[in-house]
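Below, each chain spelled out in residue letters.
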Amino acid sequence: MATTYEIINKTTLGSDAAYIEFTSIPDTYKDVILVGSTRTTKTSINDEAELKLNGTAITGIRLFGTGAGVACDTIPIMLPTGANATSNTFDNFTIYIPNYASTTQYKSVSIDQTGENNGTTAYAVFIAGLYSSNTAVSTIRLTSLTGSYVTNSSFYLYGIKNS
Amino acid sequence: MSKPTKLIINCETKEQIEVELTDEEVAQLEADRAKAEADKAAAEAEAAAKAEAKAELLARLGITEEEAKLLLA
């Protein structure tokens, strides 16, 4: 990562977890970015995962491709790789929150996620999200909506400095 | 049966704590899951309705989807 990025915290799961949550995020950066690589226990090619900021789910628009087509909806839910995808393969994702510490503005959220599956179905997801609150973001939670994130799923939270 | 667990990562203290969800948290998780399922079902129903309306329109116009794309290109 560029020198303007500083690692705030990181984790690689040693056991399954329904959700992971970064708390007490310092308000000293300009933006934050959460990157990671995940897989869940849902017995499907993909699971569904929800992002909550300060305990509130984001709203937004989602564009996703399945390998056979493209769809668009207003459900800002991520599609992590599930247990029926090719074994030992994980997705990758980026969640970018500019001006996360603002106390005067709502926060836009940009998410991209690419699943991994050696088959005809694999998901690529783009979400334009919104956290409709003037409260600085101090907690970020990712929840598997059907199963649990499996061991070796990783999450890295970076703060992006202004210079 | 054991409850699901959560991993809390405190960015101030650097502590990482894995704990079982409380009963309230399990209930909230299940509510979140139910809402996601309902939203998904609604989106799928809307998409199906649009596909049906599109098919009816194409039939009324007497053209195929490929011919419609050609017209709109």
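Structure's up top.
Residues numbered from 1 in each chain as written. Chains lettered and ligands numbered in written order. Predicted model: local features only at pLDDT ≥ 70, side-chain atom pairs only at ≥ 80, totals over all residues. Heavy atoms only, no water.

Engineer: For this particular structure, what's the right way to read the overall build of chain A?
Structural biologist: Counting its regular elements, chain A contains 0 helices and 12 strands. Sequence-ordered secondary structure for chain A, helices as α and strands as β, is β-β-β-β-β-β-β-β-β-β-β-β. Compactness check: chain A gives a C-alpha radius of gyration of 15 Å against a globular reference of 15 Å for 163 residues, within 12% of the reference. Principal axes of the C-alpha set define a box for chain A whose edges measure 45 × 35 × 30 Å. (Helix = DSSP H or I, 4+ residues; strand = E, 2+ residues; numbered from the N terminus. Rg over C-alpha atoms; globule rule 2.2 N^0.38 Å.)

Engineer: Teacher, can you tell me more about the interface of chain A and chain B here?
Structural biologist: One frequent convention defines the size of an interface as the accessible area lost when the parts assemble. Contact residues are listed per partner, giving 27 residues for chain A and 23 residues for chain B. A buried area of about 2,000 Å², summed over both sides, lies between chain A and chain B, and 50% of it is on carbon and sulfur atoms. A per-residue breakdown of the area chain A buries against chain B is headed by Asn-9, Tyr-19 and Leu-145 of chain A, which together make up 26% of the total. Viewed at the interface, chain B and chain A are joined by 2 salt bridges. Residues Glu-48 of chain A and Lys-40 of chain B are paired through a salt bridge, measuring 3.8 Å at the closest nitrogen-oxygen approach. The interface formed by chain A and chain B holds 16 residue pairs in polar contact (both at pLDDT 80 or more) in total. Looking at the side of chain A that touches chain B, the element that brings in the most residues is strand E2 (residues 19-23) of chain A, giving 5 residues. (Contact = heavy atoms within 4.5 Å. Buried area = accessible area lost by both parts, 1.4 Å probe. Salt bridge = Lys/Arg side-chain N within 4 Å of Asp/Glu carboxyl O. Polar contact = N/O pair within 3.5 Å; in protein donor to acceptor, adjacent residues only side chain to side chain.)

Engineer: Any chance you could explain the sheet that holds strand E9 (residues 107-114) of chain A here in plain terms?
Structural biologist: Sheet strands pair by backbone hydrogen bonding; their relative direction is either parallel or antiparallel. All names here are of chain A. If you trace the 8 strands from one edge of the open sheet to the other, you get E1-E12-E3-E8-E9-E10-E6-E7, paired in antiparallel fashion. Every interior strand has two partners, whereas the edge strands, strand E1 (5-12) and strand E7 (70-73), have only one. Shown here is a sheet whose adjacent strand axes are inclined to one another by a mean of 10 degrees, direction ignored. Where E1 lies against strand E12 (residues 154-160), 7 bridges are found, and the strand directions are antiparallel. Across the sheet, residue Asn-9 finds its bridge partner in E12, namely Leu-157. (Pairing = 2+ DSSP bridges. Axes fitted to C-alpha atoms, helices over the stretch in contact; angles between N-to-C directions.)

Engineer: What is the right way to read the sheet that holds strand E5 (residues 56-57) of chain A from this model?
Structural biologist: Strand order in the open sheet formed by 6 strands is E5(A)-E4(A)-E11(A)-E2(A)-E1(B)-E2(B), with mixed pairing between adjacent strands. Two strands bound the open sheet, and with one partner strand each, they are E5 of chain A together with strand E2 (16-20) of chain B. As paired elements, E2 of chain A and strand E1 (residues 5-10) of chain B share 5 bridges and run parallel to each other. Looking across to E1 of chain B, one finds that Tyr-19 of chain A is bridged to Lys-6 of chain B.

Note that every value here comes from positions in space, so none of it alone points to a role or purpose.
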